[in-house]
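Survey of secondary and tertiary structure
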Amino acid sequence: MARWCYRHRLVVLLLWVGALFGLGFSASTAGTNYANVFSLPDTDSKSAYDLMEKAFPNTSGDTDTVVWKVDQGSVRDQAVQSRITPALDKIAKMNGVGEVTSPYAGARGAAQISRDGKIAYAQLTFAKRANEVPKDLVQNVVDTAQNAERAGLHVELGGQAIQRVQEPPQGLSEMVGIVAAAVVLFLAFGSFFAMMLPIAIAIFGVGMGLFSTQLLSHTTDIPDIAPLLASLIGLGVGIDYALFIVTRHRKGILRGLDPEESAVTALNTSGRAVLFAGGTVCIALAGMLVTQLRFLDGVVIGTSLTVVLSVLAATTLLPALLGFLGPRVLSRRQRRRLAASGPETEHASGLAARWSDNVQKRPRRIAALALVVMAVLAIPVLSLRLGATDQGNDNASSTTRKAYDLLAEGFGPGFNGPLQVVTAGGDTASLVRDIGSTPGVARVAALPPAQGVTVIQVVPTTSPQSKQTDDLIDTLRDKVIPKAGAEAHVGGVTAVSKDFASVTGDRLPLFIATIIGLGFLLLLVAFRSLVVPLTAALMNLIAAAASFGVLVAIFQWGWGLDLLGLGKEGPINAFLPVIMLSLLFGLSMDYQVFLVSRMHEEWVHTRDNARAVRVGLAETSRVINSAALIMVCVFLAFVLSGDSGAAMAGVGLAAAVALDAFILRTALVPAAMHLLGNSNWWLPAWLEKRLPHLAVEPKEEAGPEAGEGPASAVHGFIRTADGEPVDGAAVTLLSKGGRQLDRVTSLADGSYIVSVPAPGTYLLATTATSYGSRAAQVVVADGPLVYDVELAEGEVDAVN
């Protein structure tokens with residue numbers, strides 16, 4: 001497939017461009033129809049909702065508020081009314097505004113003025129739901145209301161529709177993330193064209209994923225946070241997957257392969273790993289379905305679809321783009337060096353090799369230090385409290401936050417999240433009296449009944465996010481309502497949020513067990529070991545605990561919120577643990593597979609655990625750290641999204657990926673594997689026989705010229721430029737894909753011999769202490785090949 005895409009690159013590019021523009025046109029024509037469906041079967045708030053829907057089937061559109069405050073006098077003063085009333089009348093006449101309830105309209109409106117007369121609010125009801133109200137209309141409402149301001153009179157607006165026009169422009173966070181990723185890629189590759197490849201793949205994958213999700217929102221319930229999370233994870237994996245493939249392709253060209261053969265080999269090795277990695281991410285995301293929370297179904301659809309399209313772009317569009325670039329995927333300096341010195345063998349950088357050597361020498365100290373760091377970061381998770389964010393968590397400079405604070409100041413903290421006790425039988429008057437005398441209740445009022453259903457509005461004395469409000473809901477459900485003998489249920493946004501958090505918390509252990517167990521099975525089959533998947537499962541739990549500790553410290557305790565400009569502290573969004581754990585599991589599996597597969601390859605050839613762990617870490621840590629740094633940049637950019645849920649997810653995932661890559665995969669995992677020794681690769685014989693065989697990389701071939709002939713050999717002498725024999729030189733025979741096939745050490749007279757599995761094209765790499773490395777392609781026919789190597793004094797290869 002890679003070869004076909006490489007050779008028919010123009011066709012492939014046109015197909016992808018046509019698909020992107022076609023989906024984009026269809027999505028823009030159809031518009032969006034996102035819906036936040038918090039369906040919680042068998043919960044008290046769901047029963048309350050069902051009763052209200054029965055009594056009030058014609059629910060109105062989104063309800064927002066206009067709040068104003070005077071510094072001097074009263075909001076009842078004629079001077080204030082003369083400025084506010086014309087603005088409200090103008091808003092009421094706007095096309096798309098259903099009703100405006102003014103505090104100056106009769107006895108009903110009097111309740112909308114605070115006791116001290118300093119603050120008042122008007123309710124405005126739009127004809128449609130918040131996400132369907134045109135932004136131009138909302139902005140017109142905001143401008144009209146705020147034009148009524150004067151010295152001493154402050155006007156603010158709150159509500160879901162108002163919040164939408166306060167958000168930064170769509171795509172801002174994505175653009176910032178892409179720019180930051182481009183800088184990291186340019187530093188890693190040193191080539192503008194190579195830098196643009198992962199960016200292009202991510203844009204195509206995420207673009208098509210978002211357009212597809214937008215179209216699907218018309219056929220199924222997809223929450224409005226789904227596209228944000230989909231773009232967040234899509235940008236991260238899209239850039240990372242392309243980075244892995246492009247890195248392998250560049251190494252192939254530097255080793256002397258033709259660009260087409262290098263691209264095909266890269267896709268047939270790293271491309272297969274990308275398919276495996278993308279599959280694990282999708283499986284981890286699908287693990288959210290075990291929670292049976294309908295709200296998350298749309299998130300699974302949006303994020304999984306974006307990941308699938310990103311993988312598809314990396315395995316079809318990327319080889320086509322590589323075909324257009326040819327050798328220009330290398331930097332100019334690399335191309336000049338390749339032309340002057342011939343093919344070379346890529347080795348780990350000195351820093352990576354030195355770190356790997358340090359981990360081998362001091363595994364206990366490094367493992368202990370890494371565990372202490374992760375344990376300290378995980379301490380705040382002990383006070384984790386799940387809930388829901390609201391406009392009280394918005395940035396202090398936003399009009400929605402100011403309106404929220406004004407309503408809390410004028411009418412009490414609980415006014416922003418009233419409870420609705422819905423009753424269909426029993427003594428309603430007695431129930432109202434009992435609720436009114438309950439500690440923690442500020443005000444209670446029963447609305448006129450409809451079809452035998454009465455709604456009792458209960459305003460708590462505490463804010464919607466406080467633990468006291470949660471306790472009040474429990475008191476009403478467990479004591480007050482049963483004592484009154486009424487058939488009643490507690491509903492409202494605050495009660496729904498509490499039930500959602502409770503249900504999520506109850507189902508979280510099953511979810512964690514599912515994804516950890518799934519990861520264990522995948523790694524067990526891939527690496528034929530019991531200890532490696534057990535270590536990975538433990539590391540995933542450590543990473544999750546530490547990253548949630550960081551989240552609690554920032555968003556629940558408020559450490560650094562002002563510095564980040566993220567509003568006020570509050571509980572952690574109830575849906576976030578499920579989403580974060582799914583993404584963390586999928587991404588950490590990518591890094592674990594990339595790291596351990598190289599170790600496993602070395603172990604299979606040498607049966608030396610210390611060498612396998614040292615070489616595996618030295619040769620993969622740079623790519624893992626580069627990929628993680630890109631992920632962190634992309635995730636942190638979502639702080640700018642204007643959505644508190646996406647900002648929370650972005651910070652949490654950035655912390656999780658950074659801790660996972662920089663501490664776990666490059667320190668704790670290799671240190672633990674050094675301490676465990678050969679037991680890393682232990683698997684009972686009876687289990688070995690029963691396990692299916694799953695190879696992340698394909699069976700190595702000698703190359704397209706390889707035949708089916710008998711095994712042969714390459715032999716000769718290793719000498720210096722002066723003709724002196726080199727004793728103890730390491731001679732390695734590699735396949736065209738870079739897999740080690742044989743490795744020997746030259747004798748005292750400089751002679752060597754390596755075995756060849758079959759006729760074909762191979763790479764012969766030679767390294768010796770105090771001499772530079774040499775690598776060259778060798779073509780073996782039916783008989784043995786004589787090949788002498790000349791080494792010159794140069795740098796020592798730190799790994800070998």
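Residues numbered from 1 in each chain as written. Predicted model: local features only at pLDDT ≥ 70, side-chain atom pairs only at ≥ 80, totals over all residues. Heavy atoms only, no water.

1. A look at the nonpolar core
Under the convention used in this document: Here, nonpolar core refers to any group of buried Ala, Val, Leu, Ile, Met, Phe, Trp, Tyr and Cys residues whose side-chain atoms link them within 4.5 Å. Burial here depends on accessible area, computed with a 1.4 Å probe over protein chains only, as a share of the maximum for the residue type. Under 20% is buried, over 50% is exposed, and the range in between is partly exposed. Put simply, DSSP marks the helices as runs of H or I at least four residues long and the strands as runs of E at least two long, and each gets a number from the N terminus on. Any two residues having at least one pair of non-hydrogen atoms within 4.5 Å are treated as being in contact.
By size, the foremost hydrophobic cluster in this structure holds 154 residues, and its most contacted members are Tyr 241, Met 288, Tyr 591 and Phe 635. The leading source of residues in this core is helix H24 (residues 644-676), at 19 residues. Those residues in contact with Met 288 that sit more than four places away from it in its chain are Leu 296, Val 299, Val 300, Phe 511, Val 578, Ile 579 and Ser 582. In terms of nonpolar packing, the next biggest core, distinct from the first, is built from 30 residues, Val 80, Ile 84, Ala 122 and Val 165 among them.

2. Considering the pattern of salt bridges
Note the following rule: Whenever Lys or Arg places a side-chain nitrogen within 4 Å of a carboxyl oxygen from Asp or Glu, that contact is recorded as a salt bridge.
Per the stated rule, a full pass over the model turns up 14 salt bridges. A salt bridge links Arg 3 to Glu 260; the shortest N-O distance between them is 3.2 Å. A residue pair is termed long-range when its members are at least 10 positions apart, and Arg 3 in helix H1 (residues 2-7) and Glu 260 in helix H11 (residues 259-286) qualify at 257 residues. The residue Arg 7 makes a salt bridge to Glu 260 at a minimum N-O spacing of 2.7 Å. In this pair, Arg 7 is assigned in helix H1 and Glu 260 in helix H11, connecting sequence segments 253 residues apart. Judged by its relative accessible area of 53%, Arg 7 is exposed. Salt bridges sharing common partners tie together Arg 3, Arg 7, Glu 260 and Glu 261.

3. Re the confidence of the model for the chain
Put simply, the test is: The predictor attaches a confidence to each residue, called pLDDT, with possible values from 0 through 100.
Looking at the chain, pLDDT values average 84 and 92% of them are 70 or higher. Considering each helix and strand of the chain separately, the mean pLDDT is smallest for helix H5 (residues 106-110), with a value of 70, and largest for helix H15 (residues 363-378), with 95. Contacts for the low-pLDDT stretch residues 795-800, under 50 throughout, to residues beyond four places or in other chains number 16 contacts.

4. Looking at helix H8 (residues 172-189)
So the rule is basically this: Helix span, expected: 1.5 Å multiplied by one less than the number of residues in the helix.
For H8, with 18 residues, the first-to-last C-alpha span of 26 Å sits near the 26 Å given by 1.5 Å per residue. Elements that come into contact with the buried residues of H8 comprise helix H9 (192-216), helix H10 (226-254), helix H13 (332-341) and helix H23 (609-636). Directly beyond the C-terminal end of H8, a positive phi value near 70 degrees is found at Gly 190.

5. A word on the packing of aromatic side chains
Quick reminder of the rule: Any pair of Phe, Tyr and Trp rings, taking the six-membered ring for Trp, is counted once the centres come within 6.5 Å. Such a pair is stacked with planes under 30 degrees apart, edge-to-face with planes over 60 apart, and tilted for the rest. Should the NZ of a Lys or the CZ of an Arg lie within 6 Å of a ring centre and within 35 degrees of the ring normal, that charge is described as sitting over the ring.
For the structure on display, the rule yields 8 aromatic pairs. With a centroid separation of 5.2 Å and an interplanar angle of 85 degrees, the aromatic rings of Tyr 121 and Phe 411 are classed as edge-to-face. Taken together, the residues Tyr 121 in strand S3 (residues 119-126) and Phe 411 in helix H16 (residues 399-411) connect sequence positions 290 residues apart. Judged by relative accessible area, which is 7%, Phe 411 ranks as buried. Cluster of aromatic residues (ring-pair linked, three or more members): Tyr 121, Phe 411 and Phe 415. We note Arg 9 situated over the ring of Tyr 6; from NZ or CZ to the ring centre the distance is 5.4 Å. For Arg 328, the ring lying beneath its charged end belongs to Phe 193, and the centroid distance is 5.4 Å.

6. Describing the sheet that holds strand S9 (residues 488-491)
The strands that make up a sheet are held in pairs by hydrogen bonds between backbone atoms, and each pair lies either parallel or antiparallel. Definition in use: A pair of strands counts as paired when DSSP detects no fewer than two bridges linking them. Lines fitted to C-alpha atoms define the axes, with helix axes restricted to the stretch in contact, and inter-axis angles between N-to-C directions lie between 0 and 180 degrees.
Taken in spatial order, the 4 strands make up an open sheet running S7-S8-S6-S9, and their pairing is antiparallel. Lying at the two open borders of the sheet, with one neighbouring strand each, are strand S7 (441-446) and S9. For this sheet, the mean inter-axis angle between neighbouring strands, taken without regard to orientation, is 20 degrees. Bridge count between strand S6 (residues 419-423) and S9: 4 bridges; the pairing is antiparallel. Counterpart to Val 421 in the pairing with S9 is Val 490. Lying over the sheet, helix H18 (residues 467-484) contacts S6, S7, strand S8 (454-460) and S9, oriented at roughly 175 degrees with respect to S9.

7. Brief notes about the pairing of strand S12 (residues 730-734)
For a regular strand, the rule is simple: side chains alternate between the two faces of the sheet. Of all 5 residues in S12, 5 are buried; the element is thus mostly enclosed. Every second residue of S12 is oriented toward a common face, with Ala 730, Thr 732 and Leu 734 on one face and Val 731 and Leu 733 on the other, all of them buried. Where S12 and strand S13 (residues 740-745) come together, 5 bridges link them in antiparallel fashion. Following the sheet pairing, Leu 733 is matched in S13 by Asp 742. Judged from the 5 bridges that link them, S12 and strand S15 (residues 760-767) form a sheet pairing that is antiparallel. Within the sheet, the bridge partner assigned to Thr 732 lies in S15 and is Ala 765.

8. Observations regarding the side chain of Thr 144
Examined against the element boundaries, Thr 144 turns out to sit in helix H6 (residues 135-146). When neighbours within four sequence positions are excluded, Thr 144 is seen to be in contact with Ala 87, Lys 90, Ile 91 and Met 94.

9. A short note on the sheet that holds strand S1 (residues 63-70)
The strand order S2-S3-S1-S4 describes an open sheet built from 4 strands, whose pairing is antiparallel. The open sheet terminates on both sides in strands that have one partner only, identified here as strand S2 (97-101) and strand S4 (153-158). Shown here is a sheet whose adjacent strand axes are inclined to one another by a mean of 20 degrees, direction ignored. Here S1 pairs with S4 via 6 bridges, running antiparallel. The residue of S4 that forms the bridge with Val 70 is Leu 153. Across the sheet, H6 touches S1, S2, S3 and S4, and the angle it forms with S4 is around 160 degrees. Contacts between H16 and the sheet are confined to S1, S3 and S4, with S4 contributing the most and set at about 110 degrees to the helix.

10. With respect to the packing of H11 against helix H22 (residues 576-606)
Put simply, the rule reads: By the definition adopted for this analysis, an angle is roughly parallel if under 35 degrees, roughly antiparallel if over 145, roughly perpendicular if from 65 to 115, and oblique otherwise. Left-handed is the label given to a crossing in which the near helix is rotated counterclockwise from the far helix by less than a right angle, and right-handed is the label when the rotation is clockwise. The residue classification treats Ala, Val, Leu, Ile, Met, Phe, Trp, Tyr, Cys and Pro as nonpolar and Asp, Glu, Lys and Arg as charged. All others, Gly included, are polar.
Relative to each other, H11 and H22 sit at 155 degrees, their axes nearing to 8 Å. With respect to H22, the axis of H11 lies roughly antiparallel. The hand of the H11/H22 crossing is right-handed. Counting all contacts with H11, which are made through Phe 276, Ala 277, Thr 280, Val 281, Ala 284 and Leu 285, the residues of H22 involved are Ser 582, Leu 583, Phe 585, Gly 586, Leu 587, Met 589, Asp 590 and Val 593. When the residues that make up the contact of H11 with H22 are grouped by side-chain class, the tally is 10 nonpolar, 3 polar and 1 charged.

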